[in-house]
Amino acid sequence: MPIPGIKQPNLIEIDNMLRLRKYDGICDFALSWYQDENLVYLVDGKREPYTMERLKRMYAYLDARGELYWIEINDSNRYIPIGDVTFWQEDMPIVIGDKTFHGKHIGRKVLEALVARGGVLGYNTLYVQEIYDFNIASRKCFESVGFQPFEKTENGNRYRLSIKKSSEI
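Residues numbered from 1 in each chain as written. Predicted model: local features only at pLDDT ≥ 70, side-chain atom pairs only at ≥ 80, totals over all residues. Heavy atoms only, no water.

### Observations regarding the nonpolar core
Residues Tyr 34, Leu 55, Tyr 59, Ile 71, Ile 106, Val 110 and Phe 147 are the most contacted members of the largest nonpolar core, which totals 48 residues. Dropping the residues within four chain positions of it, Phe 147 is found in contact with Met 92, Val 115, Leu 126, Tyr 127, Val 128, Phe 142, Tyr 159, Arg 160 and Leu 161. (Core = buried A, V, L, I, M, F, W, Y, C linked by side-chain atoms within 4.5 Å. Buried < 20%, exposed > 50% of the residue type's maximum accessible area, 1.4 Å probe, protein only. Contact = heavy atoms within 4.5 Å.)

Here it is, written out as structure tokens:
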């Protein structure tokens, strides 16, 4: 159940090498991402690798709250998933799970596309529930598209972005 009353697109084309594909319930390939203790620490603040059961629960939770997508890269005319992102007005958790693609500004491109989607949907403000203080890459990524911290949390900050509405649909 994505955003109530809003049809989730099957694909969001970001550029000729990057797209978002609607979550389809198949997630086995993502388990290796969430077994990386360093990645899990950045996401959850704990170094406890996911089991398949926990991974499926996480995706069910995210899919029930917003538009859940696979982040996919075009590799020789074949798209391969390298991460995931969920979009709803109150949060935008994003993970680039394949380390090969860390530091290549993919997260920023994904966030820019989702901010544009928020404008199309008529949202005035988008939020991120928490980015841990120690997750410097995530903080820089969100701040690079204009998100600003506005409320201190126990381990980091909540972020928000005021966006312009768009009449394009």
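### A few points about a nonpolar patch on the surface
A cluster of nonpolar side chains, Leu 42, Val 43 and Phe 134, forms an exposed patch at the surface whose accessible area comes to about 210 Å². Considering the arrangement of structural elements, one finds Val 43 in helix α1 (residues 37–44). (Patch = residues over 30% accessible without salt bridge, like charges linked within 9 Å, V, L, I, M, F, W, Y side chains within 5 Å. Areas by Shrake-Rupley, 256 points an atom, 1.4 Å probe, with all protein chains shown as cover. Salt bridge = Lys/Arg side-chain N within 4 Å of Asp/Glu carboxyl O. Helix = DSSP H or I, 4+ residues; strand = E, 2+ residues; numbered from the N terminus.)

### Concerning the pairing of strand β4 (residues 79–87)
Buried residues dominate β4, accounting for 7 of its 9 residues. Two elements, strand β3 (residues 67–74) and β4, share 8 bridges in a ladder whose sense is antiparallel. Looking at the pairing, Asn 74 lines up with Tyr 79 of β4. Connecting β3 to the next strand, β4, in antiparallel fashion are 4 residues, including Ser 76 with a positive phi near 55°. Hairpin remark: β4 followed by strand β5 (residues 94–96), antiparallel, with 6 residues in the connecting loop. (Pairing = 2+ DSSP bridges.)

### Considering the sheet that holds β5
The sheet built from 5 strands is open, its strands ordered β1-β2-β3-β4-β5 with antiparallel pairing. Unpaired on one side and paired on the other, β1 (11–15) and β5 mark the two borders of the sheet. Strand after strand, the sheet turns through a mean of 25° between neighbouring axes, direction not considered. In terms of strand pairing, β4 meets β5 through 3 bridges, oriented antiparallel. Each residue of the ladder has a partner; that of Gly 83, found in β5, is Ile 96. The sheet contacts of helix α2 (residues 52–65) involve β3 and β4, and relative to β3 the element is tilted by about 110°. (Axes fitted to C-alpha atoms, helices over the stretch in contact; angles between N-to-C directions.)

### Describing the sheet that holds strand β6 (residues 125–132)
Read across the sheet, 3 strands follow the order β6-β8-β7 without closing on themselves; strand pairing throughout is antiparallel. Among the strands making up the open sheet, the edge pair consists of β6 and β7 (148–152). Taken pair by pair, the neighbouring strands of this sheet meet at an average axis angle of 30°, ignoring direction. Bridging between β7 and strand β8 (residues 156–162) involves 4 bridges; their strand directions are antiparallel. Pairing of Pro 149 across the sheet is with Tyr 159, part of β8. Here helix α4 (residues 136–144) sits on the sheet in contact with β6, β7 and β8, set at roughly 165° to β6.

### A closer look at the packing of helix α3 (residues 106–120) against α4
Where α3 contacts α4, the axes come no closer than 9 Å and their chain directions differ by 40°. Classified by the angle between their axes, α3 and α4 sit oblique to one another. Our pair here, α3 against α4, has a crossing hand that is right-handed. From α3, Gly 107, Arg 108 and Leu 111 reach across to α4, where they touch Cys 141, Phe 142 and Ser 144. Broken down by class, the residue content of the contact of α3 with α4 amounts to 3 nonpolar, 2 polar and 1 charged. (Parallel < 35°, antiparallel > 145°, perpendicular 65-115°, else oblique. Left-handed = near helix turned anticlockwise from the far one by under 90°. Nonpolar A, V, L, I, M, F, W, Y, C, P; charged D, E, K, R; others polar.)

### Concerning the pattern of salt bridges
By the definition in use, this model includes 12 salt bridges. In this structure, the salt-bridge partner of Lys 109 is Asp 15, at a minimum N-O distance of 3.4 Å. Placement of Lys 109 in helix α3 and of Asp 15 in strand β1 is noted, with a sequence separation of 94 residues between them. The residue Lys 99 makes a salt bridge to Asp 36 at a minimum N-O spacing of 2.8 Å. Separated by 63 residues along the polypeptide, Lys 99 in the loop between β5 and α3 and Asp 36 in the loop between β2 (18–22) and α1 bring together distant segments of the chain. Accessibility expressed as a relative area gives 17% for Asp 36, which makes it buried.

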